[in-house]
Amino acid sequence: MKKALLPLLIIVLFYSDSVFMIFFPEQAFNGAYIPVPRFFFIGLLFMSVFFDRNTAIKYGFLFGFLFDMFYTGLLGAYFFFFPLIVYITSKLTKWLHSTLPVFLVIVLFDIALLEMMIYGLNVLVQRTALSFEQFAFVRLLAVLVLNGLFYIVFAIPLRNAFVKLKKVFD
Amino acid sequence: MPQFFTNKRLIILLGSIILLVAMIGFSLRDRDNITWPEKFVKDVTGFGQNIVSKPAGAVESFFGDIRRLRHTYEENEKLRSHLEELAQLESDVARLEKDNAELRKVLEKEKSLADYEPIQATVIARNPDRWYELITIDQGESNGIEPDMAVMTANGLVGKVQSTSKFTSTVQLLSAHDSQNRVSALIQGETTIYGLIEGYDEEKKMLQMTKIPSDSKVKKGQAVTTSGLGGVFPKGLVIGTVTEMVPDEFGLTQTALVEPAASFYDLEHVMVSKREITGVLPEEEDRQQVLVEEEGL
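So, a few notes on the structure that sits alongside this text. (Residues numbered from 1 in each chain as written. Chains lettered and ligands numbered in written order. Predicted model: local features only at pLDDT ≥ 70, side-chain atom pairs only at ≥ 80, totals over all residues. Heavy atoms only, no water.)

### A few points about the side chain of N122(A)
As for its position among the elements, N122(A) is in helix α5 (residues 100–124). Dropping the residues within four chain positions of it, N122(A) is found in contact with L74(A), R127(A), T128(A), W131(B) and Y132(B). (Helix = DSSP H or I, 4+ residues; strand = E, 2+ residues; numbered from the N terminus. Contact = heavy atoms within 4.5 Å.)

### Concerning the sheet that holds strand β3 (residues 150–152) of chain B
Residue and element names in this part refer to chain B. Taken in spatial order, the six strands line up as β1-β2-β5-β4-β3-β12 and close into a barrel, and their pairing is antiparallel. Within the sheet, the average angular offset between the axes of one strand and its neighbour, ignoring direction, is 45 degrees. Pairing of strand β2 (residues 134–137) with strand β5 (residues 169–173) involves four bridges; the strand directions are antiparallel. Residue I135 lies in a different strand from β5, and its bridge partner there is V171. Against the sheet, helix α2 (residues 36–69) touches β1 (116–126), β4 (157–164) and β5, its axis set at about 75 degrees to β1. (Pairing = 2+ DSSP bridges. Axes fitted to C-alpha atoms, helices over the stretch in contact; angles between N-to-C directions.)

### Some remarks on the side chain of T93(A)
Along the chain, T93(A) turns up in helix α4 (residues 77–95). Among all residues touching T93(A), those that are not within four sequence positions of it are V49(A), S98(A), F103(A) and I106(A).

### Some thoughts on the nonpolar core
In this structure, F46(A), M47(A) and F162(A) are the most contacted members of the largest nonpolar core, which totals 73 residues. Elements represented by at least two residues in this core include exactly α1 (5–23), α2 (39–50), α3 (53–72), α4, α5 and α6 (132–169) of chain A together with α1 (7–28) of chain B. Those residues in contact with F46(A) that lie beyond four places of it in its chain are F51(A), L100(A), F103(A), Y151(A), A155(A), L158(A), R159(A) and F162(A). Counting 41 residues, the second-largest nonpolar core is a separate cluster that includes I137(B), I187(B), F264(B) and Y265(B). (Core = buried A, V, L, I, M, F, W, Y, C linked by side-chain atoms within 4.5 Å. Buried < 20%, exposed > 50% of the residue type's maximum accessible area, 1.4 Å probe, protein only.)

### Focus: unusual backbone geometry
Residue and element names in this part refer to chain B. Despite not being glycine, D148 has its phi angle at roughly 80 degrees, a positive value. Relative to the helices and strands, D148 is located in the loop between β2 and β3. One non-glycine residue, D266, adopts positive backbone phi at about 50 degrees. Tracing the sequence through the fold places D266 in the loop between β11 (253–260) and β12 (269–275).

### As for helix α3 (residues 72–107) of chain B
E85(B) marks the point of greatest bend in α3(B), at about 30 degrees. E108(B) sits one or two positions beyond α3(B) and adopts a positive phi of about 60 degrees. (Bend = angle between axes of the 7 residues up to and from the residue.)

### Some thoughts on the packing of aromatic side chains
Residues and elements named next belong to chain A. Counted by the stated rule, this structure contains 35 aromatic pairs over all chains. Their ring planes at 55 degrees and their centres at 5.1 Å tell us that F61 and F79 sit as a pair that is tilted. Of this pair, F61 sits in helix α3 while F79 is found in helix α4, placing the two residues 18 residues apart along the sequence. Since its relative accessible area comes to 15%, F79 is described here as buried. (Phe/Tyr/Trp six-rings, centres within 6.5 Å; stacked < 30°, edge-to-face > 60°.)

### Notes on the interface of chain A and chain B
Size of an interface: often given as the accessible area lost when the parts come together. In this assembly, 52 residues from chain A lie in contact with 45 residues from chain B. Of the roughly 4,600 Å² buried between chain A and chain B on both sides combined, carbon and sulfur atoms contribute 68%. Ranking the residues of chain A by area buried against chain B places E26(A), F70(A) and R127(A) at the top, with a combined share of 17%. The tally of links between chain A and chain B comes to zero salt bridges. For the interface between chain A and chain B, the tally reads 11 residue pairs in polar contact (both at pLDDT 80 or more). Contributing elements (two or more residues each) for the side of chain A that touches chain B: α1, α3, α4, α5 and α6 of chain A. The residue makeup of the side of chain A that touches chain B, split by class, is 34 nonpolar, 10 polar and eight charged. (Buried area = accessible area lost by both parts, 1.4 Å probe. Salt bridge = Lys/Arg side-chain N within 4 Å of Asp/Glu carboxyl O. Polar contact = N/O pair within 3.5 Å; in protein donor to acceptor, adjacent residues only side chain to side chain. Nonpolar A, V, L, I, M, F, W, Y, C, P; charged D, E, K, R; others polar.)

### Let's talk about α6(A)
Three- or four-residue spacings in an α-helix give side chains the same orientation, since the helix completes a turn every 3.6 residues. Spanning 38 residues, α6(A) covers only 44 Å between terminal C-alpha atoms, well under the ideal 56 Å at 1.5 Å per step. The axis of α6(A) is deflected most strongly, by about 55 degrees, at F154(A), and proline P157(A) appears within four residues downstream. (Expected span 1.5 Å × (residues − 1).)

### Quick notes on the pattern of salt bridges
Proximity of charged atoms lets side chains of opposite charge pair with each other. What the rule picks out here adds up to 10 salt bridges over all chains. E115(A) is the salt-bridge partner of R139(A), the closest N and O atoms lying 3.8 Å from each other. Placement of R139(A) in helix α6 and of E115(A) in helix α5 is noted, with a sequence separation of 24 residues between them. Across this residue pair, the class does not change: R139(A) and E115(A) are buried. Between E198(B) and K211(B) there is a salt bridge whose closest N-O contact spans 3.7 Å. Of this pair, E198(B) sits in strand β7 (residues 193–201) while K211(B) sits in strand β8 (residues 206–213), placing them 13 residues apart in sequence.

### Some thoughts on a nonpolar patch on the surface
Nonpolar side chains collect at one region of the surface, where F23(A), V59(B), F62(B), F63(B) and I66(B) lie side by side and expose about 470 Å² of accessible area between them. For F23(A), the position within the fold is in helix α1. (Patch = residues over 30% accessible without salt bridge, like charges linked within 9 Å, V, L, I, M, F, W, Y side chains within 5 Å. Areas by Shrake-Rupley, 256 points an atom, 1.4 Å probe, with all protein chains shown as cover.)

### Regarding the packing of α5(A) against α6(A)
Residue and element names in this part refer to chain A. Contact pair α5 / α6: the axes reach a minimum separation of 9 Å and the direction vectors enclose 145 degrees. Pair α5 / α6 crosses with right-handed handedness. Across from L100, F103, L104, V107, L108, I111, A112, E115, M116 and Y119 in α5, the residues of α6 making contact are F132, F135, R139, L140, V143, L144, N147, G148, Y151, A155, I156 and R159. Tallied by class, the residues present in the contact of α5 with α6 amount to 17 nonpolar, two polar and three charged. (Left-handed = near helix turned anticlockwise from the far one by under 90°.)

Interpretation note: all reported values are geometric properties and have no functional meaning in isolation.
Spelled out as structure tokens, the structure:
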């Protein structure tokens, strides 16, 4: 029964992005910055490190696909990038000892990577007119700040949750 | 140093890249509506989204109300002055509507492009990655919503329905960067001027209305509405007001910068307009027949 908590936690994280968007006034900072919540993605990274990498990749595929279909309509983007970055992270954490402060740097690196890949894709399919400088100032910085704050608040609860879940599954 | 990718993983990686390209190609195709597996996934995800976002939306609007409470007095004053004008306006509108209906009966043209039936909908999600300016609403095919219908708020037009599933639909806002995002519009004045709403100026926060003939005189502050030409948009939905005219690069036409009447941000409730006259073009089968007949001549 307790095993059902894992998908539940992931589903909560999945919807947390859009719930944040409901509360966050979109015209904050006069529209000069566009902070994008990546809470689900942070949860996925925690899962890959403190729970199990392969399960995280499977969840990345599944929920990336849902994200594509439900929110963006551009099939394949998150479906592909979520698992790929989870894989890269698992390789990185093998070399770097994953204490929470070190992991913050890795998470921020991953989010920057994700944003840039999605930006690249959007330029490729001509869905955006932003130049790279604009993208870096308007989006990337704001995204990193917002998600860094989320990490600082939720890192310990998330780690504990996944460590506990791992015990349940073992 | 450990090997980064083993052979098996390399194959998986390459396989997924091919899948990625194929799927992106598939979803970028110019298609009328999404396929049934997508609809199914949307309905299931939308069900969960509904459960999550309705309470969240309620909490959000509660706080919004509290914030608004501070300005109640000023608002009340303003509204009271409007109210006096409103009574007169209402009786005028009722009289004109009756006139209009009678005259239409005389002309035997009872339906017009401006008639529509509004469907109320609540916004349950906004695309959290904020690249495409898409919102999801809680009404779908089961309520009669179809792709390309106009979506508006009380203030004016905000976008059009991009895709529908049984119980949800996705709306593309006018501010989205998409070359297929076009709306036929007109500028009201002594002579009506037609153009296309196409594109959005991010910096100035203005819509661009293109293809306006270069000899047409447009004044600042003139109202822009939908023209009802082409597609299923009703006529006369407010889009905004003209703020500036700029000649286009070849000088053959002009572009008007239009300040949108409705805000594209923090949308909560929207209306989808279902136009009463929709059968502009003959059904697809009939159209083919027409072609065949023409060839036969």
